[in-house]
Amino acid sequence: MLALFAMSPLKTNQSAKPAELGFSMPAEWEKHAATWLSWPHNASDWPGKFEVIPWVYGEMIRKVSVGEDIRLIVRHKKDEQFARHVLQKAGVNLRKIKFVTHPTNRGWTRDTGPVFVKRNAEHRSASSSRARLGAPGESETAIVHFHFNGWAKYDNWRKDTKIPETAARLLGKTLFHAECAREDSIRNPKSEIRNFVIEGGGIEVNGCGTLLTTEQCYLHPKIQVRNPGLGKKEIETTLKNYLGVKDIFWLAKGPRGDDTHGHIDDICRFVNATTLVLVRETNPRDDNYRPLSENWERIIDLRLEDGTKPEVVELPMPSPLYFDGVRLPASYANFYIGNAAVIVPTFNDPNDRIALGILGELFKDRPVVGIHAVDLVWGFGSLHCLTQQQPE
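Residues numbered from 1 in each chain as written. Predicted model: local features only at pLDDT ≥ 70, side-chain atom pairs only at ≥ 80, totals over all residues. Heavy atoms only, no water.

1. Topic: the pattern of salt bridges
Should the charged atoms of two oppositely charged side chains come close, the side chains can pair.
Here's step 1: For the coordinates displayed, the defined rule picks out 20 salt bridges.
Here's step 2: Residue Glu-140 pairs with Arg-119 through a salt bridge whose shortest N-O separation is 2.9 Å. One end of the pair, Glu-140, is in strand E6 (residues 140-145); the other, Arg-119, is in strand E5 (residues 115-119), with 21 residues separating them in the sequence. Arg-119 matches Glu-140 in its accessibility class, with the two residues each being buried.
Here's step 3: Its salt-bridge partner being Arg-269, residue Glu-204 comes within 3.0 Å of it at the nearest N-O pair. With Glu-204 in strand E10 (residues 204-205) and Arg-269 in strand E13 (residues 268-272), this residue pair connects regions lying 65 residues apart in the sequence.
Here's step 4: The class for Glu-204 is buried, based on a relative accessible area of 5%.
Here's step 5: Among the residues examined, Arg-269 registers a relative accessible area of 0% and is labelled buried.
Here's step 6: Several salt bridges converge on common partners, so that one network encompasses Glu-28, Arg-110, Glu-204 and Arg-269. (Salt bridge = Lys/Arg side-chain N within 4 Å of Asp/Glu carboxyl O. Helix = DSSP H or I, 4+ residues; strand = E, 2+ residues; numbered from the N terminus. Buried < 20%, exposed > 50% of the residue type's maximum accessible area, 1.4 Å probe, protein only.)

2. Some words on the sheet that holds strand E21 (residues 388-391)
Across a sheet, paired strands are connected by hydrogen bonds in the backbone, their directions being either parallel or antiparallel.
Here's step 1: What the four strands build is an open sheet, ordered E4-E3-E2-E21; its pairing is mixed. Looking at which strands have only one partner, the edges of the open sheet turn out to be strand E4 (97-101) and E21. Each neighbouring strand pair of the sheet contributes to a mean axis angle of 25 degrees, computed without reference to strand direction.
Here's step 2: Bridging between strand E3 (residues 69-74) and E4 involves five bridges; their strand directions are parallel. Opposite Arg-71, over in E4, you have Lys-98 as the bridge partner.
Here's step 3: Seen against the sheet, helix H1 (residues 53-64) touches strand E2 (32-38), E3 and E4 and runs at an angle of roughly 175 degrees to E2. (Pairing = 2+ DSSP bridges. Axes fitted to C-alpha atoms, helices over the stretch in contact; angles between N-to-C directions. Contact = heavy atoms within 4.5 Å.)

Okay, structure coming up:
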């Protein structure tokens, strides 16, 4: 097990932004060194169904670990022992699992875990010791800390928000603390610099300079406001500074039941640098019909970083899914791209087969497999929400 006391000192860089140093966020389909997950323990996220959730994790990890290591965050030895039991029963090769001890509030690692940025050798400073020691063509990764705050909704997040620091210590990576400034900060700079909050599920990149997000999530003036007082221009500038993107495109809204208030990973996903899938609800009587249709009206204006139009492929929505009278945010867009497979949530729905077929045609270099997620989505999230990639 990897314990906190065994980790390296934390290396931070506040003197420069990642983009200034040549860092940018890679696309999810690029080669991974590992996938990060947090072992589930908060039963309040899945009331009445929690006993099933570890076994869903087992199936996810079985598929993903074929192609990469898993860095599995556990709170303590007891959690590790139970995780080993479940994973062994699921047929997982335990040698692929690297346990990391860290206290957590929840397990939604897409939003709480380390967001990695990467730069290639040609961008590295000649005076850097890593540049001197690195082999020709070697790349370098670092971590951006986006200061998770419970989606500006829940109070129990202070353990989760420290995960990026632990990851940086464990891996010996530089940590960039994301900060933002209001436009009038020139007059009063100290009082206007603040931590910048965004979640991994709220951003989608093609690895070439284009980022997608939603107005509902990050520009709403009253509901789950992550960065009070910041406008669109300031948010875009900060994302460009810390993720190395050139263009940002805003879709409108997400599906009903989304606890995050509009995360992009339930709506629209890149499958390669020039192609994306966008969910559509075809039933005009469904509550999702109008908001998801608005996204289709907007997407026609999207131009990639080189000025070209992307190919947009329609991805269906499953039939409305309820549990205990609550509408759940079931979406096929919440898939995760691992080295060895693309895992896609399925919902015992006729559209499962259609969604898997569409994604299977788009991902030619790795298999597309379904993971039963009817129980999982009762936690208001799915496969992508639980995972975070560490680029090679």
